[in-house]
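# What the coordinates show
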Amino acid sequence: MIEGAPWRRWVFFYIPLTLFVFVLLFPFYWMLITTFRPDGELYQPWNSPRYQPFWTSNPTLEHIKYLFSETLFADWLWNTMFIAAISTVISLFCGVLAGYALSRLNFPFAGSLGTGIFVTYLVPQTLLFIPLAEIIRNFKLGDTPWSLILTYPTFLIPFCTWLMMGYFKAVPRELEECARIDGASRVQAMLYIIIPVAIPGILSAGIFAFTLSWNEFIYALVFLSSPGEKTVPVGVTSELIRGDVFFWGPLMAGALLGSIPVAMVYSFFVEHYVSGLTGSVKG
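A brief look at the structure comes next. (Residues numbered from 1 in each chain as written. Predicted model: local features only at pLDDT ≥ 70, side-chain atom pairs only at ≥ 80, totals over all residues. Heavy atoms only, no water.)

### A look at the overall build of the chain
Counted only if it meets this: Numbering of helices and strands runs from the N terminus, with a helix taken as a DSSP run of H or I at least four residues long and a strand as a DSSP run of E at least two residues long. Radius of gyration here is computed from C-alpha atoms only, and the compact-globule reference equals 2.2 Å multiplied by the residue count raised to the power 0.38. Residue burial is assigned from relative accessible area. The probe radius is 1.4 Å, only protein chains are included, and a residue is buried under 20% of its type maximum, exposed over 50%, and partly exposed in between. The criterion used for residue contact is that any of the two residues' heavy atoms lie within 4.5 Å. Under the convention used here, a 1.4 Å probe and the Shrake-Rupley method define accessible areas, while residue burial counts only the protein chains that appear. Only four residue types enter the charge count: Lys and Arg as positive, Asp and Glu as negative, with His and the chain ends excluded. Think of each charge as sitting on NZ of Lys, CZ of Arg, CG of Asp or CD of Glu.
Assigned secondary structure in the chain consists of 14 helices and 2 strands. The globule rule puts the C-alpha radius of gyration for 283 residues at 19 Å, and the 24 Å found for the chain is more than 25% above it. Seen through its C-alpha atoms, the chain measures out along the principal axes to roughly 80 × 70 × 30 Å. Taking all 283 residues of the chain together, the buried fraction comes to 34%. A separation of at least 24 residues holds for 75% of the contacts in the chain among residues at least 6 apart in sequence. Summing over all exposed atoms, the chain offers an accessible surface of approximately 16600 Å²; the carbon and sulfur share of this is 71%. Counting 15 positive and 17 negative side-chain charges, the chain places the averaged centre of each group 7 Å from the other.

Now the structure itself:
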């Protein structure tokens, strides 16, 4: 807490924090208001006396009904959930094993290999989707969810590996050494000692990986073409923007409903698992 006169706390803490929260949450508020604003208010001229930019007097669910009745939004949600979940599981499995090996095992060029894995994550996706498209075409996986399930780990595994390397290095080696002295093999020490302690880090890496795969746009745009196979980011932008016509109500409704699962994952796991497990480890 900032010490000193009350005005210093207001100038250096409360006011900047209020501005930061306002800038952070205002887009979500605008998205929420636009979702429930009827078309009559949505396209009201700005100089009209009835123009209310930050509020709506007659909230409606028509945009949400349009989203589910006139588009394949339910299919987009299922596709996105399925692809994100499977990609996250694959990436976590590989990332945990690779992170443990790079942080615990002594072998030549371990540090250079870890740095190389992280540099791989930094390679722009625009440079990778051309060779990946060739691979997807050769395996005849185009326009299927598996084209993304096999593609997303190319950037999720390096990300999860780098996070888990840092977390495993923070776990005391004495825990593993005591298990080895008691007769446990390295695999047993990893499964029964290290991984249970590292669950907060694994869940954190999983949350970030799930979010990255849920919001990914370029690969989904390139590899998926059928309306029923699209994900939420691609489906909302491609089906609700037609030329220079923007269906703002359904568009904002799709963005709002598409962000709810990610918000639920964050709130549930962070509140019930990550914070609790981290507190128990510190205690």
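Back to the text.
### Some details on the nonpolar core
The test is simple: As used in this record, nonpolar core signifies buried Ala, Val, Leu, Ile, Met, Phe, Trp, Tyr and Cys residues forming a set joined through side-chain atoms within 4.5 Å.
Core analysis: the biggest nonpolar cluster contains 27 residues, and Leu 148, Tyr 152, Met 164, Phe 168 and Tyr 219 have the highest contact counts within it. Of all the secondary structure elements, the ones that give two or more residues to this core are α4 (73–104), α6 (125–138), α7 (145–149), α8 (153–170), α10 (186–197), α11 (199–215) and α12 (218–223). Excluding anything up to four places from it in sequence, Tyr 152 contacts Ile 83, Ser 87, Ser 213, Glu 216, Tyr 219 and Ala 220. With 11 residues, the next largest nonpolar core counts Met 31, Leu 67, Phe 73 and Met 252 among its residues.

### Concerning unusual backbone geometry
We note that Lys 140 has phi near 55°; this positive angle belongs to a residue other than glycine. The residue Lys 140 is located in the loop between α6 and α7 in this model. Taking the relative accessible area as the measure of exposure, Lys 140 reaches 74% and is therefore exposed. Unlike most non-glycine residues, Asp 143 shows phi in positive territory, near 60°. Looking at where Asp 143 falls in the secondary structure, it is placed in the loop between α6 and α7. What makes Asp 143 partly exposed here is its relative accessible area of 21%.

### What about the packing of aromatic side chains?
Our working rule: Pairing of aromatic rings covers Phe, Tyr and the six-membered ring of Trp, with a centre-to-centre limit of 6.5 Å; geometry is then stacked below 30 degrees between planes, edge-to-face above 60, and tilted otherwise.
If you walk through the whole model with that rule in mind, you get 19 aromatic pairs. With centroids separated by 5.4 Å and ring planes inclined at 85°, the aromatic side chains of Phe 68 and Phe 73 adopt a geometry described as edge-to-face. Seen in terms of ring centroids, Phe 210 and Trp 214 are 5.6 Å apart; in terms of plane orientation they differ by 35°. Their pairing is tilted. Here Phe 210 and its partner Trp 214 are both found in helix α11, 4 residues apart, which amounts to about one turn of the helix. The same class applies to Phe 210 as to Trp 214, namely buried.

### A word on the side chain of Glu 41
For clarity, the threshold we go by: A 3.5 Å cut-off defines polar contacts: any pair of N or O atoms within that distance qualifies, except that in protein one atom must be a possible hydrogen donor and the other a possible acceptor, and neighbouring residues in sequence count only when both atoms are side-chain atoms.
Position of Glu 41 relative to the elements: it lies in helix α2 (residues 39–42). Polar contacts involving the side chain of Glu 41 include one to the main-chain amide nitrogen of Ser 57, which spans 3.5 Å. With residues up to four places along the chain from it excluded, the contact list for Glu 41 reads Trp 55, Thr 56, Ser 57 and Asn 58.

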